[in-house]
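Listed here are the chains, written in short residue letters.
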Amino acid sequence: MSVLVYAEHDNAALKGVTLSVVAAAKAIGGDITVLVAGEGCAAVAGEAAKIDGVSKVLLADNAAYGHQLAENIAALVAEVGKDYGHILAAATTTGKNFAPRAAALLDVGMISEIQSVESADTFKRPIYAGNAIATVQSSDSIKVITVRGTSFDAVAAEGGSASVESVDVAADAGLSSFVGEEIAKSDRPELAGAKIVISGGRGMQNGDNFEMLYKVADKLGAAVGASRAAVDAGFVPNDMQVGQTGKIVAPELYVAVGISGAIQHLAGMKDSKVIVAINKDEEAPIFQVADYGLVADLFEAVPELDSKL
Amino acid sequence: MKVLVPIKRVVDYNVKVRVKADQSGVDLANVKMAMNPFCEIAVEEAVRLKEKGVVTEIVAVTVGPKASQEQLRTAMALGADRSILVETDEQTQPLGVAKALKALVDKEQPDLVILGKQAIDDDNNQTGQMLAALAGMSQGTFASVVEVADGKVKVTREIDGGLQTVELTLPAVVTTDLRLNEPRYASLPNIMKAKKKPLETLSPADIGVDLTPRVKTIKVEPPAERQAGIKVASVEELVDKLKNEAKVIS
Ligand SMILES: Cc1cc2nc3c(=O)[nH]c(=O)nc-3n(C[C@H](O)[C@H](O)[C@H](O)COP(=O)(O)OP(=O)(O)OC[C@H]3O[C@@H](n4cnc5c(N)ncnc54)[C@H](O)[C@@H]3O)c2cc1C
Ligand SMILES: Cc1cc2nc3c(=O)[nH]c(=O)nc-3n(C[C@H](O)[C@H](O)[C@H](O)COP(=O)(O)OP(=O)(O)OC[C@H]3O[C@@H](n4cnc5c(N)ncnc54)[C@H](O)[C@@H]3O)c2cc1C
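These figures come from a predicted structure and were not determined experimentally. (Residues numbered from 1 in each chain as written. Chains lettered and ligands numbered in written order. Predicted model: local features only at pLDDT ≥ 70, side-chain atom pairs only at ≥ 80, totals over all residues. Heavy atoms only, no water.)

1. Comments concerning the packing of aromatic side chains
The description of an aromatic ring pair uses the distance of the two centres, along with the angle that the planes make with each other. To keep things clear, this is the line we draw: Only rings of Phe, Tyr and Trp enter the pairing, Trp through its six-membered ring, and a pair is recorded when the two centres are within 6.5 Å. The plane angle decides the type: under 30 degrees is stacked, over 60 is edge-to-face, the rest tilted. For helices the rule is a DSSP run of H or I covering at least 4 residues; for strands it is a run of E covering at least 2, with both sets numbered from the N terminus onward. Type-normalised accessible area, obtained with a 1.4 Å probe on protein chains alone, sets the label of each residue: buried when under 20%, exposed when over 50%, and partly exposed for intermediate values. Consider the ring centre and the ring normal. A charge sits over the ring if Lys NZ or Arg CZ is within 6 Å of that centre and within 35 degrees of that normal.
Going through the model one piece at a time under the given rule, you end up with two aromatic pairs over all chains. Where Tyr6 of chain A meets Phe98 of chain A, the ring centres are 4.5 Å apart and the plane angle is 55 degrees; that geometry is what we call tilted. Of this pair, Tyr6 of chain A sits in strand S1 (residues 2–6) while Phe98 of chain A sits in helix H4 (residues 93–105), and the two are 92 residues apart along the sequence. You'll find Tyr6 of chain A and Phe98 of chain A in the same group, each marked buried. Taking 6.4 Å as the distance between ring centres and 45 degrees as the angle between the ring planes, the aromatic pair formed by Phe210 of chain A and Tyr214 of chain A counts as tilted. With Phe210 of chain A and Tyr214 of chain A both in helix H5 (residues 210–220) and four residues apart, this pair spans about one turn of that helix. We note that Phe210 of chain A, like Tyr214 of chain A, is buried. Directly above the aromatic system of Phe142 of chain B lies the positively charged group of Lys117 of chain B, at a separation of 5.7 Å from the ring centroid.

Structure representation (structure tokens):
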């Protein structure tokens, strides 16, 4: 039995979430192969070869894969993956985009966002915004799975010495083309992997007020997130949304500022180790999950917090 | 051009579901059901494309129990011209639904299929991508802007790092994200009119698909409960607790 792990990267460097996907692969058991598909991504394959527990790296370096277009990647994964028992990808927007497509090409079902591996064919995954956890069993010959990164402890990035082989099944399906992208640039840590996350909600009132959160975040080395209401209102960009339909985070410390605590928001952060809520409404549901709640006006509390750190 | 909009009947997003004591699933008896919010966004987008003159016909479709007719009527009240129910009491799963939708695509030959990016009950986020694979169509998932021009569709996608824009050949599958539009409410006259719009019912056998589940649900449990914590009286106390009790900052 062997497991194929799809590497998440930006052509230059491997993303940390891949280490969590490898951890899930280890829990399943068997030889682990990592597939690196991209353009000019040989360095990523080199990094992948060093991951603890990886026995082989497949490198598909081709312009057709440069922007991770789902049509091309899914065809590649279905072709390369047909000899494996499991195909694993991170539950990121990249994994969510191509994995179901690859599964359908292989005529198998798919299991989204697993939180734990019970056995080689049985997994736990959240449903209903995390209000229920389903244990599901797949009867398919190839199990296509996306892995919730925050649920698996990353394996060591060093320690392995896998071989790197090129795969040459490149094909541009000719169905889609890349036009452009706007990638948020920030010196702060990425939301999904940050140890501390500070999120603002509708209570922040506007985008300028998020400066207060950025200042605190920079003192703590934290990432900054937001509720859907704050994103919809245009205070901050979409990539900052935490929740059922945004990003899932599970940091050591999560600070919710001016966020009421709707179930869709809680779905994205309630596995955090310590939760702090700052809200002026003492009835706000966020206090039901907060380890430390502060009933206060955020416009006083946040600057004070900044000064006390 | 013709648009197919697959929609799904789900628990209303305001409902906090409870797991059944026998762990067989969640308790859906007497719970308010509604159209999946992402599907409402899909219907709205199709209607806007029709209002712009890009689209000529909107067909809403669903795979599910008889009661899903309610959501098809809602879609027609919002502007869909007609609808198709593939009736089943089987626990539908994305691959089966995608196969049923593929059969409807073959039958209807739409230029565009607009679906929700995820259904808020099972949170799978699979169906659109699977349909695209089976039908050999391009896909623009997690769309926040959709522009149809010159026989192509340009889709701006919400991705983890920000936004990505791709250009797709038609026919294409588009899945909706939250920022694509703000769905309208159905007006009373339109709700009345929708009652007269055509709703066709088919069986899985009629379209030659097998909806047998591939993934078996063994049990469904409630998530680990979080202990309610304490209220602190001041920022000073908060900082002290975080440093000395929780030890998460230094
Ligand atoms: C299909 C669907 C998907 C969704 N997905 C997500 C998701 O992924 N993530 C998400 O977050 N939401 C999601 N939502 C939205 C969710 O239901 C809530 O609407 C949203 O989380 C509310 O954001 P909020 O808490 O910032 O705003 P509100 O609920 O308006 O809360 C604002 C809070 O700020 C407090 N406040 C105001 N002023 C101050 C002040 N001066 N000082 C202190 N406190 C103050 C108020 O007391 C209030 O509690 C989704 C909804 C749907 C239907
Ligand atoms: C009574 C009943 C009980 C069920 N119980 C369970 C259960 O306990 N566990 C379980 O895993 N599954 C269960 N299902 C199956 C489940 O509801 C979904 O239909 C299936 O898993 C599809 O996944 P999703 O909705 O998360 O798809 P997603 O891929 O998240 O849906 C994305 C989009 O695809 C479209 N779409 C999805 N489903 C349909 C559809 N049926 N018809 C038309 N368009 C659609 C919509 O546009 C939707 O926004 C049950 C179904 C029924 C009818």
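2. Observations regarding H4 of chain A
All names here are of chain A. Defined as follows: To estimate how far a helix should extend, the number of its residues minus one is multiplied by 1.5 Å.
Given a rise of 1.5 Å per residue, 13 residues ought to cover 18 Å, and the 19 Å separating the end C-alpha atoms of H4 matches this to within 8%. In terms of burial, H4 is largely enclosed, as 11 of its 13 residues are buried. For H4, every residue scored as buried is listed here: Thr93, Gly95, Lys96, Asn97, Phe98, Ala99, Pro100, Arg101, Ala102, Ala103 and Ala104. At the C-terminal side of H4, Asp107 shows a positive phi close to 55 degrees.

3. A look at the site of ligand 2
Residues and elements named next belong to chain B. To keep things clear, this is the line we draw: Proximity is defined per residue: if any heavy atom of the residue lies within 4 Å of a molecule or strand, that residue is considered near it. Within 3.5 Å is the distance limit for a polar contact, defined as a pair of N or O atoms, with the added protein rule that one can donate a hydrogen and the other accept it, and that residues adjacent in sequence qualify only through two side-chain atoms. Three residue categories are used. Nonpolar comprises Ala, Val, Leu, Ile, Met, Phe, Trp, Tyr, Cys and Pro, charged comprises Asp, Glu, Lys and Arg, and polar comprises the others, including Gly.
Taken together, 26 residues sit near ligand 2, with Lys8, Val63, Thr92, Asp122 and Thr127 positioned nearest. Contacts to ligand 2 include Asn125, whose backbone N or O atom sits 2.8 Å from an oxygen atom. Between Gln126 and ligand 2, the recorded distance is 2.8 Å, taken from a backbone N or O atom to an oxygen atom. Secondary structure elements with two or more residues in the shell around ligand 2: strand S4 (57–64), helix H3 (94–108) and strand S6 (112–116). Among the residues forming the shell around ligand 2, the class breakdown is 10 nonpolar, 12 polar and four charged.

4. Describing a nonpolar patch on the surface
As a reminder of what qualifies: What makes a patch is a set of residues exposed beyond 30% relative accessible area and free of salt bridges, joined within 9 Å when like-charged and within 5 Å when nonpolar (Val, Leu, Ile, Met, Phe, Trp, Tyr). Using a 1.4 Å probe, the Shrake-Rupley method yields the accessible areas, and only the shown protein chains count as cover for residues. Should a side-chain nitrogen of Lys or Arg be within 4 Å of a carboxyl oxygen of Asp or Glu, the pair is scored as a salt bridge.
Nonpolar side chains collect at one region of the surface, where Leu188, Ile191 and Met192 of chain B lie side by side and expose about 290 Å² of accessible area between them. Structurally, the position occupied by Leu188 of chain B is in helix H5 (residues 188–194).

5. Overview of the domain arrangement of chain A
Residues and elements named next belong to chain A. What counts is decided by this rule: Residue ranges assigned to the domains are those given by an automatic or database domain assignment. We call two residues contacting when some pair of their heavy atoms lies within 4.5 Å. A quick way to say it: buried area is the sum, across both parts, of accessible area lost when two parts are put together, with a 1.4 Å probe.
Annotation of chain A at the domain level lists domain 1 (2–166) and domain 2 (191–308). One C-alpha centre belongs to domain 1, the other to domain 2; they are set 30 Å apart. Facing the seven residues of domain 1 at the interface are nine residues of domain 2. Interface area for domain 1 against domain 2, summed over the two sides, is near 620 Å², with a carbon-plus-sulfur share of 48%. Our count for the contact surface shared by domain 1 and domain 2 stands at zero salt bridges. Taken together, the links from domain 1 to domain 2 amount to one residue pair in polar contact (both at pLDDT 80 or more). The class makeup of the residues in the side of domain 1 that touches domain 2 is one nonpolar, four polar and two charged.

6. What about the sheet that holds strand S5 (residues 82–87) of chain B?
Consider a sheet: its strands pair through backbone hydrogen bonds, and that pairing is either parallel or antiparallel. Quick reminder of the rule: Here, a strand pair is defined by DSSP locating no fewer than two bridges between the strands. Fitting a line to C-alpha atoms yields each axis, with helices limited to the stretch in contact; the angle taken between N-to-C directions then spans 0 to 180 degrees.
One open sheet accounts for 10 strands, arranged S11(A)-S9(B)-S8(B)-S7(B)-S10(B)-S6(B)-S1(B)-S4(B)-S5(B)-S11(B); its pairing is mixed. Bordering the open sheet on either side are strand S11 (176–183) of chain A together with strand S11 (199–202) of chain B, each of which pairs with just one other strand. When strand polarity is set aside, the average angle formed by the axes of neighbouring strands in this sheet is 30 degrees. Pairing of strand S8 (residues 152–159) of chain B with strand S9 (residues 162–169) of chain B, which is carried by eight bridges, proceeds in the antiparallel orientation. Among the inter-strand pairings, Glu158 of chain B is bridged to a residue of S9 of chain B, identified as Leu163 of chain B. In this fold H4 of chain A packs onto strand S7 (138–149) and S8 of chain B, with an angle of close to 95 degrees to the strand it touches most, S7 of chain B.

7. A short note on the packing of helix H8 (residues 298–308) of chain A against helix H6 (residues 235–245) of chain B
Heads up, the condition is: Relative orientations are named as follows: roughly parallel for angles under 35 degrees, roughly antiparallel for angles over 145 degrees, roughly perpendicular for angles from 65 to 115 degrees, and oblique for any other angle. Two helices that cross are described as forming a left-handed crossing if the nearer one is turned anticlockwise from the farther one by less than a right angle, and a right-handed crossing if clockwise.
Where H8 of chain A meets H6 of chain B, the axes come as close as 9 Å, and the angle between the chain directions of the two elements is 50 degrees. Relative to H6 of chain B, H8 of chain A is oriented oblique. Crossing of H8 of chain A over H6 of chain B shows right-handed handedness. Here Ala301, Glu304, Leu305 and Lys308 of chain A of H8 of chain A come into contact with H6 of chain B, specifically with Val235, Glu236, Val239 and Lys243 of chain B.

8. Digging into the sheet that holds strand S2 (residues 31–38) of chain A
Residue and element names in this part refer to chain A. Strands sit in the order S5-S9-S4-S1-S2-S3-S10 across an open sheet of seven strands; the sheet is parallel. Two strands lie at the open edges of the sheet, namely strand S5 (110–114) and strand S10 (163–166), each paired on one side alone. Recorded for the sheet is a direction-independent mean angle of 25 degrees between the axes of neighbouring strands. Judged from the four bridges that link them, strand S3 (residues 56–61) and S10 form a sheet pairing that is parallel. Pairing of Val57 across the sheet is with Val164, part of S10. On top of the sheet, helix H2 (residues 42–49) reaches S2, S3 and S10; it is set at about 170 degrees to S3, its chief contact.

9. Description of the confidence of the model for chain B
What counts, and what does not: By definition, pLDDT measures how confident the predictor is in each residue, and it falls between 0 and 100.
Confidence along chain B averages 95 in pLDDT terms, with 100% of residues attaining 70 or more. Confidence estimates for the predicted assembly give a pTM of 0.87 and an ipTM of 0.92.

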